[in-house]
Amino acid sequence: MEMKEMFEKAGDSVSKFAKSVGDNSKKLASKVKLNKTIHDLEKIKETAYTEIGKQYFLSHADAVEEPYAEWALKIVEANEQITKCKQEIAALDDLLICPVCGAEIAEGQKFCSHCGAKNEAKPEPAAEAKTETVPDEIVEVVTKDEPSEKSETDTPDQPSAS
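Residues numbered from 1 in each chain as written. Predicted model: local features only at pLDDT ≥ 70, side-chain atom pairs only at ≥ 80, totals over all residues. Heavy atoms only, no water.

Draft legend 1. Just the overall build of the protein chain, in detail. Across its full length, the protein chain holds two helices and two strands. Taken from N to C terminus, the helices and strands of the protein chain fall in the order α-α-β-β. By the burial criterion, 6% of the 162 residues in the protein chain qualify as buried. Partitioning the intrachain contacts of the protein chain with sequence separation of at least 6 by distance along the chain shows that 2% fall at a separation of at least 24. A total accessible area of about 15300 Å² is found for the protein chain, and carbon and sulfur atoms account for 58% of it. (Helix = DSSP H or I, 4+ residues; strand = E, 2+ residues; numbered from the N terminus. Buried < 20%, exposed > 50% of the residue type's maximum accessible area, 1.4 Å probe, protein only. Contact = heavy atoms within 4.5 Å. Areas by Shrake-Rupley, 256 points an atom, 1.4 Å probe, with all protein chains shown as cover.)

Draft legend 2. Structural view of the packing of aromatic side chains. Per the stated rule, a full pass over the model turns up one aromatic pair. Of note, Lys74 hangs over the ring of Trp71, and the distance from its end group to the ring centre comes to 4.6 Å. (Phe/Tyr/Trp six-rings, centres within 6.5 Å; stacked < 30°, edge-to-face > 60°. Lys NZ or Arg CZ within 6 Å of the ring centre and 35° of its normal.)

Draft legend 3. Region of the structure containing the pattern of salt bridges. Applying the stated rule across the entire model yields three salt bridges. For Lys36, the salt bridge identified is with Asp40, shortest N-O distance 2.9 Å. Taken together, the residues Lys36 and Asp40, both in helix 1 (residues 2-60) and four residues apart, mark about one turn of the helix. A residue is classified by how much of its surface remains accessible, and Asp40, at 33% relative accessible area, is partly exposed. (Salt bridge = Lys/Arg side-chain N within 4 Å of Asp/Glu carboxyl O.)

Draft legend 4. Main features of a nonpolar patch on the surface. Among the surface-exposed residues, Met3, Met6 and Phe7 lie close enough to one another that they form a single nonpolar patch of about 360 Å² accessible area. Secondary-structure assignment places Met6 in helix 1. (Patch = residues over 30% accessible without salt bridge, like charges linked within 9 Å, V, L, I, M, F, W, Y side chains within 5 Å.)

Structure follows, in structure tokens:
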């Protein structure tokens, strides 16, 4: 009989342990769900705060009150730097930036395809080939049959002293 009682006690212990694990799992799942809800609501708040600040800036950009003037200046400076960077990128792609909406405009395009503004940029004249006169003393003529008589101290930037 002792064996039977021992197995019943062990079965009861396992049952209690399983119930405890199940209860803890339910609690943990509830906490995770609540924490996710809190996180989502905090993101909504953060977005709302950002949008309020953006709307304030847009409606008061010309007369920002003192505690916000430093932040408004940072926004203006960042916008100027962004515009310059976009212009540099466009120039690398042989494009222009629309002064009205900021969209890219192909160099020969007369109107912005995004907002319809007229492209006032004047096309730059084609770059002329530059020629440079080099004094005869600097020019060294080397034929295919004769190796150059440069010393080991000569560098590509400096002509030989001969």
